[in-house]
Amino acid sequence: MKRKRVKELLANPVTGEKVLVKGWVRTKREIKNVAFVALNDGSTINNIQIVMELSAFPADLLKDITTGASIGVTGILEPSQGKGQSVEIQAAEVILYGRCDPETYPLQKKGHSMEFLREIAHLRFRTNTFGAVMRIRHAMAFGIHKYYNDRGFFYLHTPIITGSDAEGAGEMFHVTTLDLNDLPHTKEGGVNFEDDFFGKPTNLTVSGQLNGELGALALGEIYTFGPTFRAENSNTPRHLAEFWMIEPEMAFWDLNDNMDLAEDFLKYLIKYALDNCREDLEFLNKMIDTALIERLEFVLANSFVRLPYTEAIKILEAVDRKWEYAVGWGRDLQAEHERYLVETHFKRPVILTDYPKAIKAFYMKQNDDGLTVRAMDVLFPGIGEIIGGSQREEELDKLTARIEELKLPLKDLWWYLDTRKFGTAPHSGFGLGFERLILFMTGMSNIRDVIPFPRTPRNAEF
RNA sequence: UCCUCAGUAGCUCAGUUGGUUAGAGCACCUGACUGUUAAUCAGGGGGUCCUAGGUUCAAGUCCUAGCUGGGGAGCCA
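It should be emphasised that the depicted structure is a prediction, and the values quoted were computed from it without experimental measurement. (Residues numbered from 1 in each chain as written. Chains lettered and ligands numbered in written order. Predicted model: local features only at pLDDT ≥ 70, side-chain atom pairs only at ≥ 80, totals over all residues. Heavy atoms only, no water.)

1. Thoughts on the protein's contact with RNA strand B
Inclusion rule: By convention in this text, a residue qualifies as near a molecule or strand provided that one of its non-hydrogen atoms is within 4 Å of it. A 3.5 Å cut-off defines polar contacts: any pair of N or O atoms within that distance qualifies, except that in protein one atom must be a possible hydrogen donor and the other a possible acceptor, and neighbouring residues in sequence count only when both atoms are side-chain atoms. In this text, helices come from DSSP runs of H or I with a minimum length of four residues, and strands from runs of E with a minimum of two, each type numbered from the N-terminal end. Under the convention adopted here, Pro, Cys and the residues Ala, Val, Leu, Ile, Met, Phe, Trp and Tyr are nonpolar, Asp, Glu, Lys and Arg are charged, and Gly plus all remaining residues are polar.
In the vicinity of RNA strand B, 52 residues are found, and the nearest of them are K83, K110, T236, H239 and R436. Within 4 Å of the protein, atoms of RNA strand B come from sugar and phosphate in 54% of cases. Here Q85 contributes a side-chain N or O atom positioned 3.0 Å from a base oxygen of RNA strand B. One nitrogen or oxygen atom from the side chain of R458 is found 2.9 Å from a phosphate oxygen belonging to RNA strand B. Secondary-structure elements contributing two or more residues to the surface near RNA strand B are strand 1 (18-30), strand 5 (87-98), helix 3 (114-119), strand 11 (242-251), helix 10 (335-345), strand 15 (384-391) and strand 16 (427-433). Residues that form the surface near RNA strand B fall into these classes: 12 nonpolar, 21 polar and 19 charged.

Pasting the structure below:
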């Protein structure tokens, strides 16, 4: 007999039908003559109620049906006599696949703290919250591919291992096959990377952007979606050492086109979640963040504020308030400033543009004022910077001058500069932190709880 | 990395000014209950008080260092 997923069973219940379901027991309630088992198979947040007449099953089997045990149930789908569910399965046959010792199984039917669940990340998928978060995470990954595919963007796989240390986005993890206890040395005493696997020092990528630009300047519109690694000693609820990033890059698009894309893209994903993850969102709205759905609908319904950095500074300088970090043109905005603009002043997402060039990366397009670059950061309530992007500098002399000014290794970037030498074109792109998107979509408050296996300083368990 | 708070039963936490045998709720086990909904009711078992030093007649409680975790900041996505 073919097994049915609980999701399809509940979506399309045919009472009187004989069905087979398989899954994990969430709870069992036993009264005098009958036991009620809530069974979950991961396909949906909802459980199917299994009704077992105590007289019809061996006592040993009933004893083994505990929270966490895996079973298969064959029976007739019937309208439920009780409240709380419309249908239930009157069990005729129950197979026990795996026992689950209730004395040692760490998950209980009661709620657990996120901190505790993080210590048992291998089992936390079995909770309602992590089931919901992981299903939404999947839906967002799928929605991202669908969004770009439907718009003619090509999914470009940029390398995980890079020989370039010019990406300029923080500390990198080294990749080597050298024996760290017996390193080969050069005459000068340094490590001799000639003997290493690639014949030179290599690292894990901190961004696919530079490679993405190469693809865009031939394919037109591309996007990357892959893991990214930062060896920063960041200990916050918003940072991971290994995270996923989406980086679209578009030839012949300027900064305004770029902002239009960022806003449309984020709204598409919000709508996709509201349309496709309703039950999981409702669960999270009830248990994790009661303002979640309201906030998603609000962001979907309202346009983002677009504001040049210089105007933002004026707004912040006019506020009668003592900042922990001083506000002034040329200084980078701190979390408190961004939060004020998004959460207090505008009360909606804000896209800040045209930052001073000194506080932004070398590849950003220089404005005619000689002071600012065509950067854009999308700031979200509660999350802060969710997207960072820019129009890229496509003029070879300006880009070269900037690289030299910042004393970056010009010769290592010869391949990047070649795109400006041969048929250069204006182009733009941005990076969206996938886990930060999931934070926003789920109302979860710690980024370690929206990725299956978080990697953070001093933690690579599981 | 800096600031700050915390670490006591499987989980969440209480534990007074340092003072006899360290408590509660939930979970678990046993029993009761004619349809439950994180079922309910009664009973029972369960402790390296984070680790290492120190102060003291006496430390879960005070001091020092470390480890782990939370929150905030920086770096950023």
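2. Re the pairing of strand 1
Quick note on the threshold: Whether two strands pair depends on DSSP finding at least two bridges between them.
Pairing geometry for strand 1 and strand 4 (residues 70-79), over seven bridges, is antiparallel. For K18, the partnering residue across the bridge sits in strand 4 and is I76. Where strand 1 and strand 2 (residues 34-40) come together, six bridges link them in antiparallel fashion. Paired with V25 across the bridge in strand 2 is L39. Connecting the antiparallel pair strand 1 and strand 2 is a turn made up of three residues.

3. What about a nonpolar patch on the surface?
Going by this rule: In this scheme, patches are assembled from residues that exceed 30% relative accessible area and form no salt bridge. Like charges are connected within 9 Å, while nonpolar side chains (Val, Leu, Ile, Met, Phe, Trp, Tyr) are connected within 5 Å. Under the convention used here, a 1.4 Å probe and the Shrake-Rupley method define accessible areas, while residue burial counts only the protein chains that appear. Think of a salt bridge as a Lys or Arg side-chain nitrogen and an Asp or Glu carboxyl oxygen that are within 4 Å of each other.
Where nonpolar side chains cluster on the molecular surface, the patch consists of I160, I161, F197 and F198 and spans about 390 Å² of accessible area. Tracing the sequence through the fold places F198 in the loop between strand 8 (174-175) and strand 9 (202-204).

4. Side note on the sheet that holds strand 7 (residues 161-162)
Across the sheet, which stays open at both edges, the three strands sit in the order 7-9-8 with antiparallel pairing between neighbours. Looking at the sheet topology across the chains shown, the edges are occupied by strand 7 and strand 8. The sheet contact formed by strand 8 and strand 9 spans two bridges and is antiparallel. Note on strand 9: the bridge partner recorded for V175 is T202.

5. So, the packing of helix 8 (residues 292-301) against helix 13 (residues 434-442)
Rules: To obtain each axis, a line is fitted to C-alpha atoms, and for helices this fit is confined to the stretch in contact; angles are then taken between N-to-C directions over 0 to 180 degrees. By the definition adopted for this analysis, an angle is roughly parallel if under 35 degrees, roughly antiparallel if over 145, roughly perpendicular if from 65 to 115, and oblique otherwise. Working rule for contacts: check all heavy atoms of both residues, and any pair within 4.5 Å makes them a contact.
Remark: helix 8 packs on helix 13, axes separated minimally by 8 Å, with the N-to-C direction vectors making an angle of 115°. By the angle between their axes, helix 8 is roughly perpendicular relative to helix 13. From helix 8, L292, R295, L296 and V299 reach across to helix 13, where they touch F440, M441 and T442. Residue composition of the contact of helix 8 with helix 13, grouped by class: five nonpolar, one polar and one charged.

6. A look at the pattern of salt bridges
Heads up, the rule is: Partly exposed residues are those whose accessible area sits between 20% and 50% of the maximum for their type, while under 20% is buried and over 50% is exposed, using a 1.4 Å probe and protein chains only.
Under the defined criterion, the tally for this structure stands at 29 salt bridges. When the shortest N-O distance is used, the salt bridge between K398 and E395 registers 3.6 Å. A relative accessible area of 27% means that K398 is categorised as partly exposed. One salt-bridge network, held together by shared partners, links K365, E393, E394, E395 and K398.

7. Concerning the packing of helix 4 (residues 128-150) against helix 7 (residues 278-287)
Defined as follows: Take the far helix as the reference: if the near one is turned anticlockwise from it by less than a right angle, the crossing is left-handed, and if turned clockwise, right-handed.
Their axes nearest at 9 Å, the elements helix 4 and helix 7 cross at an angle of 135°. In terms of axis orientation, helix 4 runs oblique to helix 7. As helix 4 runs across helix 7, the sense of the crossing is left-handed. Contact with helix 4, carried on its side by N128, T129, A132, V133, R135 and I136, involves D280, L281, F283 and L284 of helix 7 and no other residues of that element. Per-class residue counts for the contact of helix 4 with helix 7 are six nonpolar, two polar and two charged.

8. Considerations on the sheet that holds strand 4
What the five strands build is a closed barrel, ordered 1-2-3-5-4; its pairing is mixed. Each adjacent strand pair in this sheet contributes to an overall mean axis angle of 55°, direction not counted. Bridging between strand 4 and strand 5 involves 10 bridges; their strand directions are antiparallel. Note on strand 5: the bridge partner recorded for G75 is A91.

9. Side note on the nonpolar core
Note the threshold: To form a nonpolar core, buried Ala, Val, Leu, Ile, Met, Phe, Trp, Tyr and Cys residues must be joined to one another through side-chain atoms within 4.5 Å.
Membership of the largest hydrophobic core comes to 66 residues, with the highest contact counts inside it found for M140, Y148, V378 and L437. For this core, the element with the highest residue contribution is helix 6 (residues 255-276), accounting for 11 residues. When sequence neighbours within four positions are dropped, the list of residues in contact with M140 reads L269, Y272, A273, F434, L437, I438 and M441. I315, V350, V373 and I403 belong to the second largest nonpolar core, which has 29 residues in total.

10. Some points on unusual backbone geometry
One non-glycine residue with positive phi stands out, namely K347, at about 55°. Within the fold, K347 resides in the loop between helix 10 and strand 13 (350-356). Even without being a glycine, F462 presents a positive backbone phi close to 70°. Tracing the backbone through its elements, the reader meets F462 in the segment after helix 13.

11. A short note on helix 4
Stated precisely, the cut-off is as follows: Here a helix's expected span is defined as the number of its residues, less one, multiplied by 1.5 Å.
Between the first and last C-alpha of helix 4 there are 32 Å, a value that for 23 residues agrees with the 33 Å anticipated at 1.5 Å per step. Note on helix 4: the residue one or two positions beyond its end, G152, has a positive phi of about 80°.

12. Comments concerning the domain arrangement of chain A
Here is the rule we go by: The source of the domain bounds is an automatic or database domain assignment. What gets called buried area is simply the loss in accessible area from a 1.4 Å probe that two parts show on being joined, summed for both.
As assigned here, chain A comprises domain 1 (6-98) and domain 2 (125-171 + 206-449). Computed from C-alpha atoms alone, the centre-to-centre distance between domain 1 and domain 2 is 45 Å. Every contact between the two is made by eight residues of domain 1 and, on the other side, eight residues of domain 2. A combined buried area of about 640 Å² lies between domain 1 and domain 2, and 39% of that area is made up of carbon and sulfur atoms. Of all residues in domain 1, W24, R26 and I45 give up the largest surface area on contact with domain 2, accounting jointly for 68% of the area buried on that side. Here domain 1 is connected to domain 2 by zero salt bridges.

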